[in-house]
Amino acid sequence: MSIKYVSTRGKAPDLEFEDVLLAGLASDGGLYVPETLPEIDLNAVMVKSYVETAQIVIGAFLKDVIDQSDLNQIIENCYRSFDHAEVAPIVHLHDNIYVLEQFHGPTLAFKDFALQFLGRIFDAVLEKRNQHITIVGATSGDTGSAAIEGCRGRENMDIFILHPHGRVSDVQRRQMTTVNDGNVHNIALKGSFDDCQDLVKAMFNDQPFRQRINMSAVNSINWARIMAQIVYYIYASAKLADKYDQIAFSVPTGNFGNIYAGYLARKMGAPIDHLIVATNRNDILYRFFDQGDMKAEEVVPSLSPSMDIQISSNFERLLYDLYDQSAGRVEQDMQGFRKNGSFRMDQSALNKMKELFSAYRCDDDMTQTVIKEAFDKYNYLMDPHSATGVHAAELFSNDHKQAAVICMATAHPAKFPDAVKAASGIHPELPEYLSDLFKRTERYDILENDIDVVKKYILDHIE
Ligand SMILES: *Cc1c(COP(=O)(O)O)cnc(C)c1O
């Protein structure tokens, strides 16, 4: 029997994996979650490689959905492009603190783990159904390149990524615009990131257009992304399970997609005792954990831009569990949040959450201090996102001396060279395979912030 997926708001039809993959968001505005979770036998993964672990874990979800040997091949291809033999190496930092390096993928950030898989699984499902889709997305920098790398050259899809013209870093822009596959289309929009996002939303809400191009998205609420991220929690905790009685993960958090995967890994049997949410100065989650009020405030730019968010969309999935799968209560909170910009969680759900989760915040000054100290004391160079996680881990560790803490290093330092140089004095070098990034030819078009112009462009350029 294959796993069924239900919406957190309870009013959309239950779906099976393939339809959840293609739908992204549920039709009632909720997010799909699996009705049941497969269990993982820890002994079976303790000595496995990353790829083997992924084949076991994702295979358990996709039993009766895709042939295991086809899946094994897809997964092997996903992680072949990573430039480290271990895919996600675990590095000892100091005392009981470890770093799980998630930045060896083609775009140097953890999103590659999910998006390399997403592009390939999309392609396999579309091939089987003889369908073609057009992916349209907006990016402030990071997700766009990871999505493009995941979808480049896939036969059954075109991908259009809008970025704000002149407002992404040179490295970020070049990672997107130097990809020369015919199905990849970069649009530099004369506007802000919010303008890009508004246009994508407007196109999604335009039913005739949406149907005409068979529009789809690869945003962070897609279930398949979460599923692929569960793997590294099981992999890493299994590797340290022999040495430690307690294991915690510290996760630089924005949309709550990464850490929610850790929550599911624990439910599937991974030896995880605690999950630590690290935020930067955009600390909505930190305040929520403290007081139980989810209250949106204006986003301020920080040294860790991928965590500069107002709402953590994937939090809704955890909320659904904290409310004992009561879709009505989730719906109520989400409506309140949309109307008033805030909601309050009741004390018993808050207490339940705090048994497993803690949250810490790290402002830009502290981020720089952590980068500098890690380099000076342990000769380890880390990026600003990873630094927020290490800061949280060290605070947590003060009170939990016996626990191992695994910090997610979500980006390569060379992705944020200015911040890293300012903090440590060291200019981080791009890895070998990207060293000619600034010599490659760019390909993109600059468009007016006008929905009709963008729609026409998309229609003209679909392969
Ligand atoms: C996306 C991203 C995050 C935040 O992850 P979420 O799943 O949105 O919580 C953290 N660090 C980096 C480098 C990212 O790209």
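Residues numbered from 1 in each chain as written. Predicted model: local features only at pLDDT ≥ 70, side-chain atom pairs only at ≥ 80, totals over all residues. Heavy atoms only, no water.

Chemist: Could you give an account of the nonpolar core, naming the residues involved and the relevant values?
Modeler: The biggest cluster of nonpolar side chains holds 113 residues, and the ones touching the most others in it are Y79, F117, Y233 and F357. For this core, the element with the most residues is helix 10 (residues 223-240), which contributes 14 residues. Not counting the four nearest positions on each side in its chain, F357 is found in contact with F256, I259, Y263, H274, L275, V277, F289 and L318. V99, F103, M382 and V390 belong to the second-largest nonpolar core, a separate cluster that totals 23 residues. (Core = buried A, V, L, I, M, F, W, Y, C linked by side-chain atoms within 4.5 Å. Buried < 20%, exposed > 50% of the residue type's maximum accessible area, 1.4 Å probe, protein only. Helix = DSSP H or I, 4+ residues; strand = E, 2+ residues; numbered from the N terminus. Contact = heavy atoms within 4.5 Å.)

Chemist: Tell me about the site of the ligand, and name the residues and values.
Modeler: The immediate surroundings of the ligand are formed by 15 residues, with K111, G254, N255, N258 and T410 found nearest. Backbone polar atom of F256 to an oxygen atom of the ligand: 3.0 Å apart, as the coordinates give it. Contacts to the ligand include S306, whose side-chain N or O atom sits 3.5 Å from an oxygen atom. When the ligand is considered free in solution it has 390 Å² of accessible area, and contact with the protein chains removes 96% of it. Across the shell around the ligand, the residue classes tally to 5 nonpolar, 8 polar and 2 charged. (Near = heavy atom within 4 Å. Polar contact = N/O pair within 3.5 Å; in protein donor to acceptor, adjacent residues only side chain to side chain. Areas by Shrake-Rupley, 256 points an atom, 1.4 Å probe, with all protein chains shown as cover. Nonpolar A, V, L, I, M, F, W, Y, C, P; charged D, E, K, R; others polar.)

Chemist: Go over the sheet that holds strand 7 (residues 157-164) with me, naming the residues and quoting the values.
Modeler: The sheet built from 5 strands is open, its strands ordered 9-6-7-8-16 with parallel pairing. Whereas interior strands pair on both sides, the edge strands pair on one side only; in this sheet they are strand 9 (215-216) and strand 16 (445-447). Taken together, the 6 bridges between strand 6 (residues 133-138) and strand 7 define a ladder with parallel strand orientation. Pairing of V136 across the sheet is with F160, part of strand 7. On the sheet, helix 6 (residues 142-151) packs against strand 6, strand 7 and strand 8 (184-189) and is oriented at approximately 165° with respect to strand 7. (Pairing = 2+ DSSP bridges. Axes fitted to C-alpha atoms, helices over the stretch in contact; angles between N-to-C directions.)

Chemist: Tell me about the environment of A124, residues and numbers included.
Modeler: Mapping A124 onto the fold places it in helix 5 (residues 111-129). A residue is classified by how much of its surface remains accessible, and A124, at 27% relative accessible area, is partly exposed. Taking the C-alpha atoms as reference points, A124 and S312, separated by 188 residues in sequence, lie 30 Å from one another.

Chemist: I'd like a rundown of helix 16 (residues 364-378), residues and numbers included.
Modeler: Taking 1.5 Å of rise per residue, 15 residues should cover 21 Å, and helix 16 covers 21 Å from first to last C-alpha, within 8% of that figure. Turning to helix 16, its buried residues number three or more, namely D364, T367, V370, I371 and A374. Along the long axis of helix 16, the arc covered by the buried residues comes to 120°, so they all point the same way. Facing away from the buried side of helix 16 by over 90 degrees, the exposed positions are D365 and K377. Where helix 16 is buried, its residues contact helix 17 (384-399) and helix 18 (417-424). Its side-chain oxygen at 3.3 Å from the backbone nitrogen of D365, D363 defines the N-terminal cap of helix 16. N379 occupies a position one or two residues after helix 16 and carries a positive phi of about 55°. (Expected span 1.5 Å × (residues − 1). Arc of directions from axis to C-beta.)

Chemist: Tell me about the environment of P34, and name the residues and values.
Modeler: For P34, the location among the structural elements is in strand 3 (residues 32-34). With residues up to four places along the chain from it excluded, the contact list for P34 reads I3, K4, Y5, F61 and W223.

Chemist: An account of the packing of aromatic side chains is needed here, citing residue identities and associated values.
Modeler: For the coordinates displayed, the defined rule picks out 22 aromatic pairs. Centre to centre, the rings of F337 and F343 are 5.8 Å apart; their planes meet at 75°, and the pair counts as edge-to-face. Judged by relative accessible area, which is 10%, F337 ranks as buried. A residue is classified by how much of its surface remains accessible, and F343, at 7% relative accessible area, is buried. (Phe/Tyr/Trp six-rings, centres within 6.5 Å; stacked < 30°, edge-to-face > 60°.)

Chemist: Would you mind going over the pairing of strand 5 (residues 97-101) in detail, with residue names and values included?
Modeler: Counting buried positions along strand 5 gives 5 out of 5 residues, so the element sits mostly inside the fold. Side-chain alternation along strand 5 places I97, V99 and E101 on one buried face and Y98 and L100 on a second face that is also buried. Note that strand 4 (residues 90-94) and strand 5 share 4 bridges and pair antiparallel. When the sheet's bridge partners are listed, I90 is paired in strand 5 with L100. The loop that links strand 4 with its antiparallel partner strand 5 comprises 2 residues; one of these, D95, has a positive phi angle of about 45°.

Chemist: Account for helix 17, naming residues and giving values.
Modeler: With 16 residues, helix 17 ought to run about 22 Å at 1.5 Å a step, and its terminal C-alpha atoms sit 24 Å apart, in line with that. When you tally the buried positions in helix 17, you get 12 out of 16 residues, the bulk of the element.

Chemist: With reference to specific residues and values, describe the pattern of salt bridges.
Modeler: Going through the model one piece at a time under the given rule, you end up with 25 salt bridges. Notably, a salt bridge pairs R129 with E18, separated by 3.2 Å at the nearest N-O pair. Separated by 111 residues along the polypeptide, R129 in helix 5 and E18 in helix 1 (residues 17-23) bring together distant segments of the chain. For R287, the salt bridge goes to D283, with nearest N and O atoms at 2.9 Å. Taken as a pair, R287 and D283 share a single burial class, namely buried. (Salt bridge = Lys/Arg side-chain N within 4 Å of Asp/Glu carboxyl O.)

Chemist: Any details on the environment of D245? Residues and values, ideally.
Modeler: Looking at the element boundaries, D245 is found in the loop between helix 10 and strand 10 (247-252). Judged by relative accessible area, D245 falls into the exposed class, the value being 79%.

Chemist: So what's going on with unusual backbone geometry? Residues and values would help.
Modeler: For Q325, which is not glycine, the phi dihedral falls at a positive 60°. Among the structural elements, Q325 can be located in the loop between helix 13 (315-322) and helix 14 (327-340). Q325 gets classed as partly exposed once you look at its relative accessible area, which sits at 45%. Despite not being glycine, N379 has its phi angle at roughly 55°, a positive value.

Chemist: Give me the packing of helix 3 (residues 50-61) against helix 4 (residues 68-80): which residues, what numbers.
Modeler: Each pair of packed helices can be described by the angle between their axes along with the distance between the axes. Helix 4 packs onto helix 3 with a crossing angle of 135° between their chain directions and a minimal axis gap of 9 Å. The angle between helix 3 and helix 4 places the two elements in the oblique class. When you trace helix 3 past helix 4, the crossing you get is right-handed. Two secondary-structure elements touch here, helix 3 through Y50, V51, A54, Q55, I58 and G59 and helix 4 through Q68, L71, N72, I75, E76 and Y79. Grouping the constituent residues of the contact of helix 3 with helix 4 by class yields 7 nonpolar, 4 polar and 1 charged. (Parallel < 35°, antiparallel > 145°, perpendicular 65-115°, else oblique. Left-handed = near helix turned anticlockwise from the far one by under 90°.)

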